[in-house]
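The chain contents come next:
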Amino acid sequence: NEIMILKDEAIRAVLEEKYERSRPEFLNMVETFSSARDDNNLIYTVYEFYDFIRSHPFKEKWLSEKFDMYNESNINDTEFFRVILNYAIESINHCLTLTKNSIELLNEDEKIKEIYGSSFSSDLSSLFLLKQTLNLKTWDNISDELKNFKFDKLKALRGYKDDIIKVRVNENRKEVKAIIDKLKKLFYVSQEECIEDIKYLKPIVKEFFALTNDFEARLNLLKAERNILDFSDLEHLTLKLLVKETNAGFERTQEAYELSLKFDQIMVDEYQDTNEVQDLIFRALSHNEENLFMVGDVKQSIYRFRQAMPEIFLRRKEKYLLYDETKSEYPYKIILDKNFRSREGILDATNFVFSQLMSKNMGEMEYTNEEKLKLGAEYDAKEDPDVYLKILDLSCCEDNDMDKQEARYISGIIAQMIGKGYKIKDKNGYRNGTYWEFC
């Protein structure tokens, strides 16, 4: 709470000084971030950005690299284009999947296929052509192709109002159209206009970076006056003792070397929730990382809002070989894949869902055999399924509040299981379950 008060005091003071000078560059930046009523959005953005850049060990270098992104004269070489292009490729792949699915459904009914078939085939051809254009990775070609993208009008289909196939293919096509409309808006302007946008943004970004730096300097002054530090301050002061920045990266200090001699092994749990500052501290205190042991699970990373960077752990995991007891080279990785809490059916269902959903772009990793959970415990066989899906129909309920109805239904299931003496297995065998064991 005290830090929040100091943040507020610091940003108000810095903004007041800048308003007094009223430089055009500053006022233009304010117009970009603020609403007509107040500067709350600008202040919130400064706070968020300040917290974010403090997760980087050498923030000035990081800011410089990001500012250099606004120097490109060819949109096809920019990071902005790479992000939009990857989004477009994923979107078109999804459109192709939906359209292929629709064509498979049409094959189940000759009448619907006869009326709709040619339109969906035309959609598929146009989507394939657009995908080929995306693979060329040229802004203007993609922009032109999207501007010319058109959908055939579906012929009238009488007597099939609530037919499930008709409903599903129409919904699929509606989703495809919405995606194409969004891509058209993203790629509407020309390459030259994009570059003009980037040139316009450059002084705004420069001014925003300067505002954040001035805010940090004022905040540090206020903290020093009160003799207080926050957690991130402690990390950065520690880092300052342990490493010094060089053109080639970083170099350990003499203090870091002497401190590292005090540790035989360094083990860090929950490594998926570290950031770059913390990672560098651990590396600096190790013996060239030879005695550094990390445990983590990227699927359990929940602290991005605190600037956790699970990609640090992922990079290591992808780079290291699997442990081989016949060899002595390091580093290695050991997969802790045994699950001792759940039946095989639970694990199969979990593995199925995650293998469908997770990819490098969605979840930051492929859900491969290394990630899949393996059965580690033994359970007696049972006839009823381990996993089932319940669908609640609220159309027959007087109270159609989904949260309340779900809560009532689930509590009813739990009460019923307790009443029938549902058995739980522990190290001593089977016993009756208790309420606190349900989730």
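Residue numbering note: each chain is counted from 1, following its sequence as written. This being a predicted model, a pLDDT of at least 70 is required before a residue's local features are given, and a value of 80 or more before pairs of side-chain atoms are given or counted; all residues contribute to the totals for chains, interfaces and linings. For side-chain calculations, the full set of non-hydrogen atoms in the structure is used, while hydrogens and water are omitted.

Caption draft 1: How the structure looks around the overall build of the chain. Secondary structure elements are taken from DSSP: a helix is a run of H or I of four residues or more, a strand is a run of E of two residues or more, and numbering for both begins at the N terminus. Broken down by element type, the chain carries 15 helices and ten strands. Computation of the radius of gyration draws on C-alpha atoms alone. For the globule rule, the value is 2.2 Å times the number of residues to the power 0.38. By the compact-globule yardstick of 22 Å for 439 residues, the chain is too spread out, its C-alpha radius of gyration being 29 Å. Considering only C-alpha atoms, the chain reaches an extent of 75 × 70 × 55 Å along its principal axes. Remark: exposure states derive from per-residue accessible area (1.4 Å probe, protein chains only) relative to the maximum for the residue type, with buried under 20%, exposed over 50%, and partly exposed in between. Within the span of the chain, comprising 439 residues, buried residues form 33% of the whole. Only heavy atoms enter the contact rule, under which two residues are in contact if any of them lie within 4.5 Å. For the chain, long-range pairs separated by at least 24 residues make up 70% of all intrachain contacts whose partners lie at least 6 apart in sequence. Carbon and sulfur atoms provide 52% of the accessible area of the chain, an area that totals close to 28,600 Å². In summary, the charge assignment counts Lys and Arg as positive and Asp and Glu as negative, without counting His or the chain termini. To locate a charge, take NZ of a lysine, CZ of an arginine, CG of an aspartate or CD of a glutamate. Counting 65 positive and 83 negative side-chain charges, the chain places the centres of these two groups 3 Å from one another. Computed by Shrake-Rupley with a 1.4 Å probe, the accessible areas treat only the displayed protein chains as cover when residues are assessed.

Caption draft 2: Layout of unusual backbone geometry. Its identity is not glycine, yet Asn 227 carries a phi of approximately 55 degrees, on the positive side. Note that Asn 227 resides in the loop between helix 9 (191-226) and helix 10 (231-242). Asn 227 gets classed as exposed once you look at its relative accessible area, which sits at 73%. In this model, Asn 288 sits at a positive phi of 55 degrees, which is unusual for a non-glycine residue. Its location among the elements puts Asn 288 in the loop between helix 12 (276-285) and strand 4 (292-294). Overall, the relative accessible area of 60% leaves Asn 288 in the exposed class.

Caption draft 3: Quick peek at helix 3 (residues 40-53). Working rule for helices: expected span equals 1.5 Å times residues minus one. Spanning 14 residues, helix 3 covers 20 Å between terminal C-alpha atoms, matching the ideal 20 Å at 1.5 Å per step. Residues Leu 42, Ile 43, Val 46, Tyr 47, Phe 49, Tyr 50 and Ile 53 constitute the buried set of helix 3. Buried positions along helix 3 lie against helix 1 (2-21), helix 2 (24-33), helix 4 (59-68) and helix 9.

Caption draft 4: Layout of the packing of aromatic side chains. Note on aromatic contacts: the rings of Phe and Tyr and the six-membered ring of Trp form a pair at centre separations within 6.5 Å, being stacked when their planes are under 30 degrees apart, edge-to-face when over 60 apart, and tilted otherwise. With the rule as written, the count across this model stands at 18 aromatic pairs. Between the aromatic rings of Phe 33 and Phe 208, the centroid separation amounts to 4.8 Å while the plane-to-plane angle is 20 degrees, which identifies the pairing as stacked. Here Phe 208 lies in helix 9 and Phe 33 lies in helix 2, a separation of 175 residues in the sequence. Between the aromatic rings of Phe 52 and Trp 62, the centroid separation amounts to 5.4 Å while the plane-to-plane angle is 65 degrees, which identifies the pairing as edge-to-face. Of this pair, Phe 52 sits in helix 3 while Trp 62 sits in helix 4, and the two are ten residues apart along the sequence. Taking relative accessible area as the criterion, Phe 52 reaches 31% and is therefore assigned partly exposed. For Trp 62, a relative accessible area of 15% puts it in the buried group. Put simply, the rings of Phe 33, Phe 49, Phe 52, Trp 62, Phe 208 and Phe 209 pair up and form one aromatic cluster. Distance and angle both matter: a charge sits over a ring if NZ of Lys or CZ of Arg is within 6 Å of the ring centre and within 35 degrees of the ring normal. Directly above the ring of Tyr 188 sits Lys 147, whose terminal nitrogen or CZ lies 5.3 Å from the centroid. Lying over the aromatic face of Phe 120, Arg 173 brings its terminal NZ or CZ to 5.6 Å of the ring centre.

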